[in-house]
Amino acid sequence: MREKQFNAAITGLGMYVPDKIYDNAYFEKIVDTSDEWIRTRTGIKERRILENGGTSVLATKAAEDLLKSKKMSAEEIDVIIVATVTPDMFFPATACLVQHNIGAKNAWGFDLSAACSGFLFGYQTACSFVESGDYKKVLLIGADKMSSITDYSDRNNCILFGDAGAAVLIEPTEDKNYGLQNSLLKIDGSGLDYLHMKGGGSLNPPTHETVDKNMHIIYQEGKAVFKFAVKGMADISYEIMKKNNLTADDIAYLVPHQANLRIIGATAERMGISMDKVMINIDKYGNTTAATIPSCLVEYYRSGKLKKGDKLILASFGAGWTWGACYLIWSME
Ligand code: COA
């Protein structure tokens, strides 16, 4: 195994959400539901919807926001990783579209598919590139246009999802007290039955029949996913605390994937962390898949709540199954 040369720290942030809002009142008009049901069962009040363009729009605008706030040129970027399950197209990769849009002419890159764990898996990957000393500036973007695969006639699912993109820059630091400390990441393909998209891939290429059978949308057995998520995310978050000898008092924030406020609450409870130490933005955006965790980081940092030296646990779960937790120490002033 190659020696770790550096620690990898987040040194830049950006995000983008579209202006168009679907609030709970909108869903009361299109399906048999109520604001009260949605808020109490999920914690969601509204979501953002991208009307024109694909996920590359969300990813590009998040990257541009990062570059602007960091006052850096796109030409400095070595690698672009886009975590997404809603790429503009199967190929080319959305990372290529972003590279072209922002003019990152010295970068290579790729898309990473791990559903709602996409950001965490991308974070570990990006950090490994930097820790090895091979690359100095890795742009990691979590972006999903979930509205493009959501069936707006199915009340079980349509209330849950929204569109967003968020980006982080990862760079080396000599100070081992900052950046990613370690991660626990897992996959288990037995989750296939409960959460997937049936059509469009090589198993069921698009045909009139796949369209007629409504196979190009999220298929989800909500209850089964809920059970897995509560156990998977709570267990692994607890495990990473133990692995690092952390108590709840040591942790400044839990940064969980935002799929359902009740799942987040169960994870916090298992860790012994009070809800005021949990980053939450599900109320404003719903489940934006790969964008939930980085958008929380951006918003809490920009509002002054996330500070240098804060110890964070990032935690996720998603289709696959995919799940995991990362322990990091925040380094941005
Ligand atoms: N409005 C009103 N009623 C609804 C509804 C809605 N939007 N959606 C479902 N219901 C109904 C169901 O039809 C069911 O009615 P029934 O008892 O007459 O059959 C009832 O509410 C309870 O459904 P249930 O599925 O038990 O609700 P729940 O408490 O499990 O909540 C989810 C449903 C989808 C919100 C919840 O299971 C969940 O969040 N699952 C995880 C989803 C997830 O995280 N996905 C992303 C993974 S990354």
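Keep in mind that this is a model prediction, so the values were computed, not measured.

For the rest of this paragraph, the subject is the packing of helix α3 (residues 55–70) against helix α4 (residues 94–102). Interaxial distance between α3 and α4 falls to 9 Å at its minimum, and their mutual angle equals 45°. Taken as axis vectors, α3 and α4 run oblique relative to one another. Once α3 is placed against α4, the crossing between them reads as right-handed. Packed against α3, whose contacting residues are Thr55, Ser56, Ala59, Thr60, Ala63, Glu64 and Leu67, the element α4 presents Thr94, Leu97, Val98, Asn101 and Ile102 at the interface. In terms of residue class, the contact of α3 with α4 is built from 6 nonpolar, 5 polar and 1 charged.

Attention now moves to the pairing of strand β12 (residues 311–318). Buried residues dominate β12, accounting for 7 of its 8 residues. Bridge count between strand β11 (residues 253–256) and β12: 4 bridges; the pairing is parallel. Of the residues in β12, the one forming a bridge with Pro256 is Ala315. Here β12 runs beside strand β13 (residues 322–329); their pairing, made up of 8 bridges, is antiparallel. Paired with Phe317 across the bridge in β13 is Trp323. Counted between consecutive antiparallel strands, the loop separating β12 from β13 contains 3 residues, among which Gly320 sits at a positive phi close to 150°.

Regarding α4, the residues found buried are Thr94, Ala95, Val98 and Ile102. Looking down the long axis of α4, one finds its buried residues gathered within 100° of arc, a one-sided arrangement. Packing partners of the buried residues in α4 comprise α3, β4 (79–83), β5 (108–112) and β6 (138–145). Of the residues flanking the end of α4, it is Gly103, one or two places downstream, whose phi is positive at about 75°.

A word on the pattern of salt bridges. Taken as a whole and judged by the stated rule, the model has 14 salt bridges. Put simply, Lys20 and Glu51 hold a salt bridge, and the shortest N to O gap is 3.8 Å. Taken together, the positions of Lys20 in the loop between β1 (7–16) and β2 (21–23) and Glu51 in the loop between β3 (46–48) and α3 put the pair 31 residues apart, joining distant regions of the chain. When its relative accessible area of 35% is taken as the criterion, Lys20 is described as partly exposed. Relative accessible area serves as the criterion here: at 54%, Glu51 is assigned to the exposed category. For Glu75, the salt bridge identified is with Lys105, shortest N-O distance 3.7 Å. Placement of Glu75 in the loop between α3 and β4 and of Lys105 in the loop between α4 and β5 is noted, with a sequence separation of 30 residues between them. When its relative accessible area of 39% is taken as the criterion, Glu75 is described as partly exposed.

With that out of the way, let us pick up the site of the ligand. Taken together, the neighbourhood of the ligand is formed by 23 residues, with Thr33, Arg41, Gln220, Lys223 and Asn260 sitting nearest. The separation between an oxygen atom of the ligand and a polar side-chain atom of Arg41 is 2.6 Å. With the chains in place, 76% of the 950 Å² that the ligand exposes on its own is no longer accessible. When residues of the shell around the ligand are traced back to their parent elements, those giving at least two are α2 (35–42), α6 (155–158), α8 (222–243), α9 (261–271) and β12.

Conventions we followed
- Residues numbered from 1 in each chain as written.
- Predicted model: local features only at pLDDT ≥ 70, side-chain atom pairs only at ≥ 80, totals over all residues.
- Heavy atoms only, no water.
- Axes fitted to C-alpha atoms, helices over the stretch in contact; angles between N-to-C directions.
- Helix = DSSP H or I, 4+ residues; strand = E, 2+ residues; numbered from the N terminus.
- Parallel < 35°, antiparallel > 145°, perpendicular 65-115°, else oblique.
- Left-handed = near helix turned anticlockwise from the far one by under 90°.
- Contact = heavy atoms within 4.5 Å.
- Nonpolar A, V, L, I, M, F, W, Y, C, P; charged D, E, K, R; others polar.
- Buried < 20%, exposed > 50% of the residue type's maximum accessible area, 1.4 Å probe, protein only.
- Pairing = 2+ DSSP bridges.
- Arc of directions from axis to C-beta.
- Salt bridge = Lys/Arg side-chain N within 4 Å of Asp/Glu carboxyl O.
- Near = heavy atom within 4 Å.
- Polar contact = N/O pair within 3.5 Å; in protein donor to acceptor, adjacent residues only side chain to side chain.
- Areas by Shrake-Rupley, 256 points an atom, 1.4 Å probe, with all protein chains shown as cover.

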